[in-house]
Amino acid sequence: SRPRDGLFDNLLADILDASPSFNASSRSVSVLDIRYLYRSEPYRIPRQMAFNNGEALMSYVENLIKKADTNGDNLLDTEELRLLLCSLFDGREPTERELSQTMEVLDLEQDE
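Owing to the predicted nature of the structure, the values given are computational and were not obtained by experimental measurement.

1. Overview of the packing of helix α4 (residues 78–88) against helix α5 (residues 96–106)
Point 1. Between α4 and α5, whose axes approach to 10 Å, the crossing angle comes to 110°. Viewed along their axes, α4 and α5 adopt a mutual orientation that is roughly perpendicular. On the side of α4, the interface is formed by Thr-78, Leu-81, Arg-82 and Leu-85, while α5 contributes Glu-96, Glu-98, Leu-99, Thr-102, Met-103 and Leu-106.
Point 2. Here the contact of α4 with α5 is composed, by residue class, of 5 nonpolar, 2 polar and 3 charged.

Structural data, given as structure tokens:
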């Protein structure tokens, strides 16, 4: 098991750097904030690779996804995505809008 101390705080700091709309005091991440972070990633990948600090984050996210995939089919339905977002939002339930926007962004097959 890898140490995860401060991992979420580091993620919030990265989002704060990337997203002009992020409110750090709320510690609540929106779909828009994740989009800003995602769009900033190509510029950060070389630095992450040099310091190898992206591996812990990816492992953390993979574990959250595995826990959310309650039926073990390697796909997240709407309720499983709700569990994942709740984990990412420090226990706060995502709004229906956040859930539908995230599903829209992540559902590559457009089947649900």
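Picking up where we left off.
2. Structural notes on unusual backbone geometry
Point 1. We note that Asn-74 has phi near 65°; this positive angle belongs to a residue other than glycine.
Point 2. Following the sequence through the fold, Asn-74 ends up in the loop between α3 (54–68) and α4.
Point 3. With relative accessibility at 70%, the residue Asn-74 sits in the exposed group.

3. Focus: the pattern of salt bridges
Point 1. Summed over the entire model, instances satisfying the criterion amount to 4 salt bridges.
Point 2. Salt-bridge contacts for Glu-79 lead to Arg-82; the nearest nitrogen and oxygen are separated by 3.1 Å. Of this pair, Glu-79 and Arg-82 are both found in helix α4, 3 residues apart, which corresponds to roughly one turn of the helix.
Point 3. In this structure Glu-79 comes out as partly exposed when scored by relative accessible area, which is 46%.
Point 4. The exposure class of Arg-82 is buried, given its relative accessible area of 14%.

Rules used throughout
- Residues numbered from 1 in each chain as written.
- Predicted model: local features only at pLDDT ≥ 70, side-chain atom pairs only at ≥ 80, totals over all residues.
- Heavy atoms only, no water.
- Axes fitted to C-alpha atoms, helices over the stretch in contact; angles between N-to-C directions.
- Helix = DSSP H or I, 4+ residues; strand = E, 2+ residues; numbered from the N terminus.
- Parallel < 35°, antiparallel > 145°, perpendicular 65-115°, else oblique.
- Contact = heavy atoms within 4.5 Å.
- Nonpolar A, V, L, I, M, F, W, Y, C, P; charged D, E, K, R; others polar.
- Buried < 20%, exposed > 50% of the residue type's maximum accessible area, 1.4 Å probe, protein only.
- Salt bridge = Lys/Arg side-chain N within 4 Å of Asp/Glu carboxyl O.

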